[in-house]
Amino acid sequence: MRTTLVTGSAGFIGSNFVRMLRGRNEPVRVICLDKLTYCGNLANVADIVDKDRVVFVRGDICDAALVAELWKQYDIREVVHFAAESHVDRSILDSGPFVQTNIVGTQVLLDTARKLGCDRYLQVSTDEVYGSLPEHDKSAMFTEETPLAPNSPYSASKTAADCMVRAYFHTFGLPVLTTRCSNNYGPYHFPEKMIPLFVTNLMEGKKVPLYGDGMNIRDWLYVVDHCDAIWTVLNKGKPGEVYNIGGNNEMTNREVTEIVLREMGKPWDQWVQYVKDRPGHDRRYAIDASKIRRELGWEPKYRFDTAIRQTIQWYKDNETWWRAIKSGEYLTYYEKQYVSR
Ligand code: NAD
Ligand code: TDX
């Protein structure tokens, strides 16, 4: 059976990915490596960890000695690299951890893969590396050839990591794959990101903070579709290639807010608060995912209207999960980000 190192597996997408592999009974042993930072949560995977098929190790991807030890101990031949500092707003408050984890951490993994051997290395990247698109020209979309033009410290750190991945392919022939996905939503999404923040605020009786004019556009993809695309690329992708992943589901933040409010039975006027815009806020992201569809036969299976309903229901059914998160460090962050601006 193959052994795959999955970094960041206690986070939102990483935990959904491991859960999907277990749910489908894929023939793979997973070594989960996660530092359990403020947004990593052992509860996200606790029920699927077992000694044989899903091993959990708490540790930092920047710790080269630990990564090498795991590589040898478990005979790792494959990597799916999710671990990252992932929240744009936090990268504006302090970019240091983003440079460390997203760039240095990626370099450590690549170097270990090069030295100790690796059959497949998949870098989970983001559409944000391409920058922002004009909002009025709907024909403009990000393709894999779009020049990289990151605008936030978060996306700049992800871009630097992507460049290292590319360099390890060209210089050392490491069999790397890169995926660049649009905005995800679904269960286990940390409630600092827009959709889970808005859903849980409404459940707490708090208003939802909409940045600027609320007309920024994102392309939303259900997390299980993203995980399925990553598995497809890992198994069928061509080394050295980049694959865009998207939902073909562009919406303004106002439209998303309207849907969430409607689903939760809350009128706009009482529950939406326009707040100061995010500095450097990218206006529009839109993914052209025709390459992965054409070459690997992947396309999204979930529709936004049904998957958002399931997602809201998940937060209703898992109040203990998010209420435990929305305390402690989270409150300090919330105060800095929303109350004092
Ligand atoms: P997340 O913030 O929910 O989870 C990140 C995980 O990484 C956490 O469990 C955290 O503990 C772990 N981690 C952080 N620093 C670490 C370190 N130094 N060593 C080991 N583990 C560490 O993030 P997410 O939303 O699940 O995103 C996962 C990946 O997908 C990221 O690389 C992100 O850039 C990318 N991505 C996310 C989205 C999205 O919409 N969320 C879209 C496209 C791409
Ligand atoms: O309180 C808020 N109010 C608001 O209007 C928050 C947190 C966000 N927003 C807006 C900003 C964005 O236009 O909603 C949109 C989505 O914001 P986020 O959920 O913070 O996501 P985004 O900045 O688009 O980045 C996400 O998608 C790409 C992930 O966090 C990244 O990790 C991923 O790479």
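Residues numbered from 1 in each chain as written. Chains lettered and ligands numbered in written order. Predicted model: local features only at pLDDT ≥ 70, side-chain atom pairs only at ≥ 80, totals over all residues. Heavy atoms only, no water.

Enquirer: Which parts of the structure should I look at to understand the sheet that holds strand β1 (residues 2-7)?
Expert: Strands pair in a sheet through their backbones, by hydrogen bonds, and they do so in one of two ways: parallel or antiparallel. Read across the open sheet, the seven strands follow the order β3-β2-β1-β4-β5-β6-β10; overall the sheet is parallel. A single partner strand is all that each edge strand has here, and the edge strands are β3 (54-58) and β10 (242-245). In this sheet, adjacent strand axes meet at a mean angle of 20° when their direction is disregarded. Bridge count between strand β6 (residues 176-181) and β10: four bridges; the pairing is parallel. Across the sheet, Thr179 pairs through a bridge with Tyr243, a residue of β10. Packing against the sheet, helix α1 (residues 12-24) makes contact with β1, β2 (28-34), β3 and β4 (78-81), and its axis sits at approximately 165° to β2. (Pairing = 2+ DSSP bridges. Helix = DSSP H or I, 4+ residues; strand = E, 2+ residues; numbered from the N terminus. Axes fitted to C-alpha atoms, helices over the stretch in contact; angles between N-to-C directions. Contact = heavy atoms within 4.5 Å.)

Enquirer: Explanation requested: the site of ligand 2 in the structure shown.
Expert: Around ligand 2 lies a shell of 22 residues, among which Glu128, Tyr154, Arg278, His281 and Tyr338 are the nearest. Separating an oxygen atom of ligand 2 from a side-chain N or O atom of Tyr338 is a distance of 2.6 Å. For ligand 2, the accessible surface in isolation is 650 Å², of which the surrounding protein chains cover 94%. Of all the secondary structure elements, the ones that give two or more residues to the shell around ligand 2 are α3 (88-93), α6 (194-203) and β8 (208-211). (Near = heavy atom within 4 Å. Polar contact = N/O pair within 3.5 Å; in protein donor to acceptor, adjacent residues only side chain to side chain. Areas by Shrake-Rupley, 256 points an atom, 1.4 Å probe, with all protein chains shown as cover.)

Enquirer: Any chance you could explain the pairing of strand β5 (residues 120-126) here in plain terms?
Expert: The side chains of a regular strand alternate between the sheet's two faces. The buried count for β5 comes to seven of seven residues, which makes it a mostly enclosed element. Across the two faces of β5 the burial is the same, with Arg120, Leu122, Val124 and Thr126 and Tyr121, Gln123 and Ser125 all buried. Where β5 lies against β6, six bridges are found, and the strand directions are parallel. Bridging across to β6, Val124 finds its partner in Thr179. For the segment spanning β5, helix α5 (residues 153-172) and β6, crossover handedness is right-handed. (Buried < 20%, exposed > 50% of the residue type's maximum accessible area, 1.4 Å probe, protein only. Right-handed = clockwise from strand over helix to strand, strands pointing away.)

Enquirer: Would you explain the side chain of Asp89 in this entry?
Expert: When you line up the elements, Asp89 lands in helix α3. A distance of 2.7 Å separates a polar atom in the side chain of Asp89 from a polar atom in the side chain of Tyr211. Apart from residues lying up to four places away in sequence, Asp89 is in contact with Tyr211, Arg278, Tyr333 and Gln337.

Enquirer: What am I meant to see in helix α11 (residues 304-317) here?
Expert: Three or four residues apart is the spacing at which side chains of an α-helix point the same way, because the helix has 3.6 residues per turn. The terminal C-alpha atoms of α11, which comprises 14 residues, lie 19 Å apart, in line with the 20 Å expected from a rise of 1.5 Å per residue. Regarding α11, the residues found buried are Phe304, Ala307, Ile308, Thr311, Ile312, Trp314 and Tyr315. For α11, the buried positions fall inside an angular range of 150° around the axis, keeping them on one side. Structurally, α11 contributes buried residues whose contacts are with β7 (183-185), α6, β9 (217-222), β11 (250-252), α8 (253-263) and α12 (319-325). (Expected span 1.5 Å × (residues − 1). Arc of directions from axis to C-beta.)

Enquirer: Honestly, the site of ligand 1 in this entry has me stumped. Any pointers?
Expert: With respect to spatial proximity, 29 residues lie near ligand 1, and among them Ile13, Asp34, Ser86, Tyr154 and Lys158 are the closest. Here an oxygen atom of ligand 1 and a backbone polar atom of Thr37 are 3.0 Å apart. Contact with the protein chains removes 97% of the 840 Å² of surface that ligand 1 exposes when unbound. For the shell around ligand 1, the secondary structure elements donating two or more residues are α1, β5, α5 and β7. Among the elements that line the shell around ligand 1, the one with the most residues is β5, at three residues.

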